[in-house]
Structures are given as C-alpha cells and as structure tokens.
2 protein chains.
Amino acid sequence: MSPITRRRMIAMSLASLAVVQGVTATFAQSDTPLASWQKGPTRDRIIAFVEASLKEGEPGYIAPADRIAVFDNDGTLWCEKPVYFQLFFALDRIRAMAPDHPEWKDTEPYKSILAGDLEGFAKQGEHAVLEVVMQSHAGMTVDQFQVIVADWISTAKHPELKRRYDTLIYKPMLELLSYLRMNGYQTWIVSGGGIEFMRAFAERTYGVPPQQVVGSSIVTEFNVVEGVPELIRLPKLDFIDDQAGKPVGINKFIGKRPVFAAGNSDGDLQMLQWTTMADGPRFGMIVHHTDAEREYAYDRESPVGRLDKALDEAPAAGWLVVDMKDDWATIFPK
Amino acid sequence: MSPITRRRMIAMSLASLAVVQGVTATFAQSDTPLASWQKGPTRDRIIAFVEASLKEGEPGYIAPADRIAVFDNDGTLWCEKPVYFQLFFALDRIRAMAPDHPEWKDTEPYKSILAGDLEGFAKQGEHAVLEVVMQSHAGMTVDQFQVIVADWISTAKHPELKRRYDTLIYKPMLELLSYLRMNGYQTWIVSGGGIEFMRAFAERTYGVPPQQVVGSSIVTEFNVVEGVPELIRLPKLDFIDDQAGKPVGINKFIGKRPVFAAGNSDGDLQMLQWTTMADGPRFGMIVHHTDAEREYAYDRESPVGRLDKALDEAPAAGWLVVDMKDDWATIFPK
C-alpha cells in the first residue's frame, strides 16, 4: 500500500470512528448545572467560585483570558482501577501484536502477558512495564497511533466493571467541565497519561480538544518517506507529566498559571500548589475515592492513585475535598 | 524581599506594562480584509482559500475545529535583520547585568560584547552564542523572565531602523492573522525563537495568546521556596523548534495537523511540508524578502533567514510565494 493510500484509509477510519463514538461528550449536557452532584456545601462552593468569577469589579472576578482550568485524568475524570487504563491498552495491544511476534511466547515479559499471568508480569518490575509501553506505543506514525487507540477504546471492556473504558468516566466531572466552559473557562487535561493516547478520545469523551491535552510523551521524528511527510513515534521517553512535571507541563503548554485545578492523588500535589498558591481567586479540588460500592475506595495506601500528602495539605491550602460517596448522586453515565 | 512580596511586585509590574503596551494589537484592525496587500493574484488567492473554507458541502470546506493556521515569527511576522531580535535582547541583557559581574570585563565572550565589538563576539562561534543566551535567559523564575522581556521590548530600539522591535512587525501579516481569526481560524505561532520570550509580547503584538505560541525552550524546574511554588529557568536546552522540529512541535502542542502555514525560510520547510502535503484543502505561504528599500532583500545566500530549498520546492508544492516589494502596499505599521 502506498503511503498516500494508507493515509487516506487512516483518515476515513478516523472519520467513521468519530461518527460512531461521538455520543459520550453529550453525557455532559444538562440544564441544571452540576445536576449529578448532591445539593450541599461541596456543590455550593464550586458554584459560588464560578459565579463570583463572572462579576467584574468584585474581588472574585477573573478576566475571561485567565479562566483556565486544569484537570488530571486518571482517577479525576475517569476510573483508574485496578490499574491505569492505559496499561490495559498496552496489554491488549501486545496480545493483538502477538501473531506477528512468535518469539514472544518464550520471551519475558511477553510470555507472562500472553499466558494471562498479570501477576507474573507485574513482578518483573518497572523495566518490564516500560518495555511493554514502548512496544505498544512506538514504531508507528502519529496518525496510525490515533487509529489504534480510537479502535481500542471503541471495543475494549474493563475486566471487572464489564463496560467500555470511555463510559467509566465520572458524570459529575463531565458536568463540571461543561459548567466551566459555559462560563468562559478553558478546560485542559494535565495528566501523567500519554498525551497522544488521551487525544485519541478526549474530544468526544470530555469535549476537550487535542490542543488542550497535556500529558507524558515519547519522542517523535519527522521524515519524508516517498514524498509523504510522516511523524514516527520512537521508543524513547520525552517528558513525564506527573508530580513536579505537572507545573512544568502547564507552563510549557499553557504559558500561564491556571486558576482552577482538580486532581485526586499525590501526583497532582504540585499542580494544585502551582495553581492555588498565588494571588487572586483560585480553586483547588481533590476527588477523594470513598465509594467502594459504586466505584472504589482508596487513598493513602493505594499503589495506584495514592492520595496521602495532598490530603494532608488540603485543609491548610483550602482545597475542596470531594467525597465521592456523599457528594456525587451519580458516578458513571447510564 | 520575601518571595510573596517579590511575586506581588512582578504581578504589578506586568499589569502596568500591559496597559502601556496594549496598543500594538490594534494595528491589525481594519474594515477591508488585507487592506495593506496590493490588489492582485496574491491577495486574491488567500481570500479565495479562506472564503472557500467557509462553504459547507463544497470541496474547499474546512470544519471549524480544523481551521488551524501556523505562522513562523522571525522574518514572517516581524523583521529578523540584521540578526534575530532575540539576540539583541540577549546582548542588551548582558549589558544590563554587567554591573553585577565585574569579572566580565576580562572574560570572553562578555568582554567583546561590553566593548561593543559584536564582530569579535560573533567570531567566537556557536558556543559563545549559546553561553550568552543561557546567561541572559536562565537563572530566574518564569514570571521574572516575562517581566524582563516585557520591559525590554517596551524600551529597546532596533540599531538600524531606530524603532521599537515590536513595531517592526508586518502590517499585512497582522491583517492576515486578524482575517483568519475573523473566519474562525485559530492562529498559532510556531517559531525557532524562545517560547517564553515570544509569549511576553505575542498577545498584545499579534493577538496570539500564550497557549498558542510554540517555540524553542530551556528546561524549567518546579520548587516550593519558603512556601511559595516557583518555576526556575535552567541553563539547559529542552527543545529546538526549528526545521524538522517544527512538525514535531506542532504535533506535540496542537495535536492535529494545521491547514494553513506561513514561513519565510528553510527553517519552515518541514512545517510547510507537514501542513500541506496531505489530503483536503491546504495552504502554504512563503514571505519572500525582496524589498531592500523598505525592509531588507535576501534569500538563498543569507546566513539569517536563508531561503533556498523551500523556494525551490514552492512551485511543485503549490506554495504561494509572497513578493514583499510587489505584494505589500505597506510593510510596517505607522
């Protein structure tokens, strides 16, 4: 297949996926703001901040150009249990690629993955995870990667909750994104997850366009192949957008300090500090996973999404701690 | 001075600069689109592309979300002669810092700079330039750097043209930016220049907000100092947004392929290729510096802003080559 034919097929495939999947962003629509939030002080505080930010001349006023809100993704906009969904993608991808790699049957860490022994895979440590991530995320063009991820998210299902990953998003947070945008806020995702992974579904899932997604990245390389320019994804880390990397990523991509930040783990601590510890009206929010029945309950001891230091700092910093169990009437969209 | 007092002073200083300098962006306003362009095929071709892009159902139509236009800065939006203006900034900054560095009087490359011997400085090669750039661009917070650049651009003057640098911008290009925005295009700067250098004036000069500026960068580091979060600029290169780096920067920051690109040198070749060599309506433009009387005339042999390969590729690629002398009725704003 010529590069041009391949590009055409990718474009057509992306277009048809967009039609099929362009449903989830509409979850966020509603007439009442924050309808899935319980009435009470948590919801009131969010609404009070946003309403004050619109009143020119008042102390809570925020100029439209400064209305920048940043959201973590894993555990803040969608579920992150039992592991980050991007790892499920990587594992599914290894399984899908296996027929072209017969040698994997006898080579770790692939052997464990293909045998369904995820504990055995996990025991091999960070190096094995990095190898699997690179194997599944690099070696294709950026356009091809978009198709691979969009394809996966339109079919793959969560092993425990038995639903598509892009439906395991938090309805109250979709409403919050929508409510902020209706009031002139730019909503950005600032996540430790892969920037191009998230871009493949962020617009239709959250209403956040690609240029407002900040995340971790690998290196890409520009080449002109048979007269066709291509960007190839290389198996080399470029930037880790987590912890102290989040303010760095915010400054690099947005170039100004946000006024609103929402996170759920210690990986968001520095983003919350950078956003809120400055002059003027500012809002910090932590989603606290307290609902073992409807989702998962975890904080200080959790290896994924550990929330410890940020929870300690929240009262003095004035960050709103959202109690998922008590504050959210609904968790996932129907 | 405590970090909080310092931050307050920086905020106040930035606010007052914004008031004084908030004049240049208004240069771009006019009722007739592209009023400073000569009537004729060049101007017609731009207008025909943009008008066709608004007509839903027609072959030239571009969906609003895809209306992304990228512009080089040096030589495309503002003058780049006799050298990139950012180098003038670096040299002015070295002179301003000299009283705190008595040792520079006897140390190269500072000795030559302080003696006004720029030829002597230039002879010391790339390493000396890099040292001067790092010395002048690193070692402060990102907020402090914004103030330093904004201060400089509101006072410094071009040595030959005797005007403030932010008035040495091309009126026809300001009108083009404006015209594209009026028609629903996002206008982005994608430049080899420093991202935070340009962000200090891009909004008031070009109407391009910080989050739509892509450029070269140095590493920043997040620290909390005496309870105050700060991002410090380190003397270490992060990313060079030039040549093959431009499509990489576009993909990293914008996450989708633009439909319109304007440049003026071989540094823009790959950006033009990436933008235009794909399906659908696309526009590539090269500003050709042909006006020695009103600005500068240069192309294939110029060490700064060399235009050679891109000029050769333009006809086959269908890129519009704008002849500054013949196509622009006015060059700089009054």
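Counting starts from 1 at the beginning of each chain's written sequence and moves along it residue by residue. Whichever chain is written first becomes A and whichever ligand is written first becomes 1, with later ones labelled in order. Given that the model is predicted, a residue must reach a pLDDT of at least 70 before its local features are reported, and side-chain atom pairs must reach 80 or more before they are shown or counted; all residues, however, enter totals for whole chains, interfaces and linings. Side-chain numbers here rest on the full set of heavy atoms in the structure, without hydrogens or water.

Draft legend 1. Inspection of the packing of helix H2 (residues 41-53) of chain B against helix H8 (residues 171-182) of chain B at higher detail. Residues and elements named next belong to chain B. Running from N to C, H2 and H8 point in directions that differ by 15 degrees, and their axes come no closer than 11 Å. In terms of orientation, H2 lies roughly parallel with respect to H8. Remark: the crossing between H2 and H8 carries right-handed chirality. Only Leu176, Tyr179 and Leu180 of H8 make contact with H2, whose side of the interface consists of Ile46, Ile47, Val50 and Glu51. For this classification, the nonpolar set comprises Ala, Val, Leu, Ile, Met, Phe, Trp, Tyr, Cys and Pro, the charged set comprises Asp, Glu, Lys and Arg, and every other residue, Gly included, is treated as polar. Of the residues contributing to the contact of H2 with H8, the split by class is 6 nonpolar, no polar and 1 charged. Helix axes are fitted only over the stretch in contact, all axes being lines through C-alpha atoms; the angle between N-to-C directions runs from 0 to 180 degrees. For the purposes of this entry, the term helix denotes a DSSP run of H or I that reaches at least four residues, the term strand denotes a run of E that reaches at least two, and both are numbered from the N terminus. If an angle is under 35 degrees, it is roughly parallel; if it is over 145, roughly antiparallel; if it lies from 65 to 115, roughly perpendicular; otherwise it is oblique. Take the far helix as the reference: if the near one is turned anticlockwise from it by less than a right angle, the crossing is left-handed, and if turned clockwise, right-handed. By the convention used here, residues are in contact when the closest approach between their heavy atoms is within 4.5 Å.

Draft legend 2. Expanded view of the interface of chain A and chain B. Taken together, the 35 residues of chain A in the interface contact 35 residues of chain B. Each partner contributes to the roughly 3200 Å² buried at the junction of chain A and chain B, and carbon and sulfur atoms together form 54% of this total. Put simply, buried area is how much 1.4 Å-probe accessible surface two parts lose in total, over both of them, once they are put together. Of all residues in chain A, Gln211, Phe222 and Lys252 of chain A bury the most surface against chain B, accounting for 20% of the area lost on that side. When a carboxyl oxygen of Asp or Glu is within 4 Å of a side-chain nitrogen of Lys or Arg, the pair counts as a salt bridge. At the surface where chain A touches chain B, the tally comes to 4 salt bridges. Side-chain atoms alone can form a polar contact between residues adjacent in sequence; in general such a contact is a pair of N or O atoms within 3.5 Å, and within protein one must be able to donate a hydrogen while the other accepts it. The interface formed by chain A and chain B holds 15 residue pairs in polar contact (both at pLDDT 80 or more) in total. A per-element tally of the side of chain A that touches chain B places helix H11 (residues 245-253) of chain A first, with 5 residues. Grouping the amino acids of the side of chain A that touches chain B by side-chain chemistry returns 16 nonpolar, 8 polar and 11 charged.

Draft legend 3. Seen up close, the packing of aromatic side chains. Under the pairing criterion, centres of Phe, Tyr and Trp rings, with the six-membered ring standing for Trp, must be within 6.5 Å; the plane angle then separates stacked pairs below 30 degrees from edge-to-face pairs above 60, leaving the rest tilted. Under the definition given, this model contains 41 aromatic pairs over all chains. Ring plane angle 75 degrees and centroid distance 5.3 Å describe the contact between Phe89 of chain A and Trp152 of chain A, whose orientation is recorded as edge-to-face. Remark: Trp152 of chain A occurs in helix H7 (residues 142-153) and Phe89 of chain A occurs in helix H3 (residues 85-97); sequence separation between them is 63 residues. Classification of Phe89 of chain A as buried rests on a relative accessible area of 1%. Burial status follows relative accessibility: with a 1.4 Å probe on protein chains alone, a residue under 20% of its type maximum counts as buried, one over 50% as exposed, and anything between as partly exposed. On the basis of relative accessibility, which here comes to 8%, the residue Trp152 of chain A falls in the buried class. Joined through ring pairs, the aromatic side chains of Trp78, Phe85, Phe88, Phe89, Phe145, Trp152, Tyr165, Phe197 and Phe201 of chain A make up one cluster. As a reminder, the over-ring test applies to NZ of lysine and CZ of arginine, requiring each to be within 6 Å of the ring centre and within 35 degrees of the ring normal. One Lys or Arg, Lys81 of chain B, reaches over the ring of Tyr298 of chain B and ends 4.1 Å from the middle of that ring. Directly above the aromatic system of Trp274 of chain B lies the positively charged group of Arg257 of chain B, at a separation of 3.6 Å from the ring centroid.

Draft legend 4. Layout of helix H11 (residues 245-253) of chain B. All names here are of chain B. Most of H11 is tucked away, with 9 of its 9 residues classed as buried. All of the buried residues in H11 are Gly245, Lys246, Pro247, Val248, Gly249, Ile250, Asn251, Lys252 and Phe253. Downstream of H11 by one or two residues, Gly255 has phi in the positive range, about 75 degrees.

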